[in-house]
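Given next are the chains, with one letter for each unit.
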Amino acid sequence: NAGVTQTPKFQVLKTGQSMTLQCAQDMNHNSMYWYRQDPGMGLRLIYYSASEGTTDKGEVPNGYNVSRLNKREFSLRLESAAPSQTSVYFCASGVEGDTEAFFGQGTRLTVV
Amino acid sequence: GENVEQHPSTLSVQEGDSAVIKCTYSDSASNYFPWYKQELGKRPQLIIDIRSNVGEKKDQRIAVTLNKTAKHFSLHITETQPEDSAVYFCAAFSSNTGKLIFGQGTTLQVKP
């Protein structure tokens, strides 16, 4: 079992470029999340998916889009990257929302 | 909207002392309260959780208490050890919205 796998681990983008962060879990979980982590701000929820076929906005959705491609995969897209999106991004999944969430290893994104 | 406030942001204790971290939440529909530990450069990992129908839960040196009326919950670590040094996050899951919202984090330093 790989658990929750995120790709890439590191990325540098220029302002205005687009990219997709990939997340896949092999635990047959229903719920999946995307968070960003910034110093002093904790983990802020960007988007989440309570089940396959559904997605909802979290606390900080502006500038992002998501796709729950199937039960395993939940991708995060930045259409036009901005320096304010420089952060560490974590994907997480859980059986349901009110059970343990397992995190991926994170993606460190720098927008210059 | 939903909000989780966590205090203090930093906490320094001597080895062997106790540490207490407190969180408050705003959504009365919250029913699941996990605590995560994040070591430097690693992903967050669950250390203990509590559900809304329980007032207290203990696991060896760590315990969590929940006061639903006051909407606050706390993490207690006794007999702290240097390896307890990390960032700790509280979170609250709302059965209403399906969101898992995290607090801002507490950096715990245990001095030998």
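This text goes with the structure placed above it.
Now for a quick tour of the structure. Quick caveat: nothing in here was measured; it's all calculated off a predicted structure.

**Structural notes on the pairing of strand β7 (residues 64–68) of chain A**
And step 1. Burial of β7(A) is one-sided: the residues Tyr64(A), Val66(A) and Arg68(A) facing one way are buried, the residues Asn65(A) and Ser67(A) facing the other way are not.
And step 2. The loop that links β7(A) with its antiparallel partner strand β8 (residues 74–78) of chain A comprises five residues.

**Thoughts on the packing of aromatic side chains**
And step 1. Scanning the entire structure with this criterion turns up 13 aromatic pairs over all chains.
And step 2. Between Tyr64(A) and Tyr89(A), the aromatic rings sit 5.9 Å apart at their centres with planes inclined by 65°, giving edge-to-face as the arrangement. Placement of Tyr64(A) in strand β7 and of Tyr89(A) in strand β9 (residues 87–94) is noted, with a sequence separation of 25 residues between them. The residues Tyr64(A) and Tyr89(A) share a single accessibility class, namely buried.
And step 3. Both rings, one in Tyr25(B) and one in Phe33(B), keep their centres 4.8 Å apart while their planes meet at 45°; by these two values the pair is tilted.

**Quick look at the sheet that holds β8(A)**
Strands in a sheet are paired, the pairing made by backbone hydrogen bonds, and the direction either parallel or antiparallel.
Residues and elements named next belong to chain A.
And step 1. An order of β1-β3-β8-β7 is seen for the four strands of this open sheet, with the pairing classed as antiparallel. With one partner strand each, in any of the chains shown, β1 (4–7) and β7 form the two edges of the open sheet. Each neighbouring strand pair of the sheet contributes to a mean axis angle of 15°, computed without reference to strand direction.
And step 2. Sheet topology places strand β3 (residues 19–25) next to β8; three bridges connect them, and they run antiparallel. By the bridge assignment for β8, Met19 is matched with Leu78.

**Examining the interface of chain B and chain A**
Note on interface size: it is often stated as the accessible area lost on association of the parts.
And step 1. Listed per partner, the contact involves 19 residues of chain B and 22 residues of chain A.
And step 2. A combined buried area of about 1700 Å² lies between chain B and chain A, and 56% of that area is made up of carbon and sulfur atoms.
And step 3. Contact with chain A buries area across many residues of chain B, yet Arg43(B), Leu100(B) and Phe102(B) alone supply 29% of it, more than any other trio.
And step 4. On the surface where chain B and chain A come into contact, there are one salt bridge.
And step 5. Of the charged contacts, one joins Arg51(B) and Asp98(A) as a salt bridge, the two residues approaching to 3.8 Å between their closest N and O atoms.
And step 6. If you look at where chain B meets chain A, you find eight residue pairs in polar contact (both at pLDDT 80 or more).
And step 7. Taken together, the elements giving at least two residues each to the side of chain B that touches chain A come down to β4 (30–38), β5 (45–51), β9 (86–94) and β10 (100–102) of chain B.
And step 8. No other element matches the four residues that β4(B) contributes to the side of chain B that touches chain A.
And step 9. Counted by class, the side of chain B that touches chain A contains nine nonpolar, six polar and four charged residues.

**Comments concerning the nonpolar core**
As a rule of thumb, nonpolar side chains are buried together in soluble globular proteins.
And step 1. Ranked by size, the top nonpolar core spans 41 residues in total, and within it Tyr35(A), Phe103(A), Trp35(B), Phe73(B), Leu100(B), Phe102(B) and Leu108(B) carry the most contacts.
And step 2. With seven residues, β9(B) is the largest single contributor of residues to this core.
And step 3. If you look at the next biggest cluster of nonpolar residues, it comprises 19 residues, including Tyr47(A), Val66(A), Phe74(A) and Leu76(A).

**Focus: unusual backbone geometry**
And step 1. A cis geometry characterises the amide bond from Thr7(A) onward to Pro8(A), with omega recorded as -5°.
And step 2. Within the fold, Pro8(A) resides in the loop between β1 and β2 (10–13).
And step 3. Put simply, His7(B) and Pro8(B) share a cis peptide bond, and its omega is -5°.
And step 4. Considering the arrangement of structural elements, one finds Pro8(B) in the loop between β1 (4–7) and β2 (10–14).
And step 5. Although it is not a glycine, Lys71(B) adopts a positive phi angle of roughly 60°.

Definitions and limits used
- What you see as residue numbers is a count from 1 along each chain, following the sequence as written.
- Chains carry letters and ligands carry numbers; both start at the beginning, A for chains and 1 for ligands, and go up in the order they are written.
- Only residues with pLDDT of at least 70 are given local features in this predicted model, and only at 80 or more are side-chain atom pairs given and counted; all residues enter the totals for whole chains, interfaces and linings.
- Heavy atoms from the whole structure form the basis of all side-chain values; hydrogens and water molecules are not counted.
- Relative accessible area decides the class of each residue, using a 1.4 Å probe on protein chains only: under 20% of the type maximum gives buried, over 50% gives exposed, and in between gives partly exposed.
- Numbering of helices and strands runs from the N terminus; a helix is a DSSP stretch of H or I covering at least four residues, while a strand is a stretch of E covering at least two.
- Being paired, for any two strands, means DSSP has found at least two bridges between them.
- Note on aromatic contacts: the rings of Phe and Tyr and the six-membered ring of Trp form a pair at centre separations within 6.5 Å, being stacked when their planes are under 30 degrees apart, edge-to-face when over 60 apart, and tilted otherwise.
- Simply put, an axis is a line fit to the C-alpha atoms, just over the touching stretch for a helix, and the angle between two N-to-C directions goes from 0 to 180 degrees.
- The contact rule is simple, with two residues in contact once any of their heavy atoms fall within 4.5 Å.
- Summed over both partners, the accessible area lost on bringing two parts together, with a 1.4 Å probe, is the buried area.
- We define a salt bridge as a side-chain nitrogen of Lys or Arg found within 4 Å of a carboxyl oxygen belonging to Asp or Glu.
- Distance and chemistry together define a polar contact, namely a pair of N or O atoms within 3.5 Å, with one atom able to donate a hydrogen and the other to accept it when in protein, and with adjacent residues in sequence counting only for side-chain atoms on both sides.
- We call Asp, Glu, Lys and Arg charged. Ala, Val, Leu, Ile, Met, Phe, Trp, Tyr, Cys and Pro are nonpolar, and the rest, Gly among them, are polar.
- Only buried Ala, Val, Leu, Ile, Met, Phe, Trp, Tyr and Cys residues count toward a nonpolar core, and they belong to the same one when joined by side-chain atoms within 4.5 Å.

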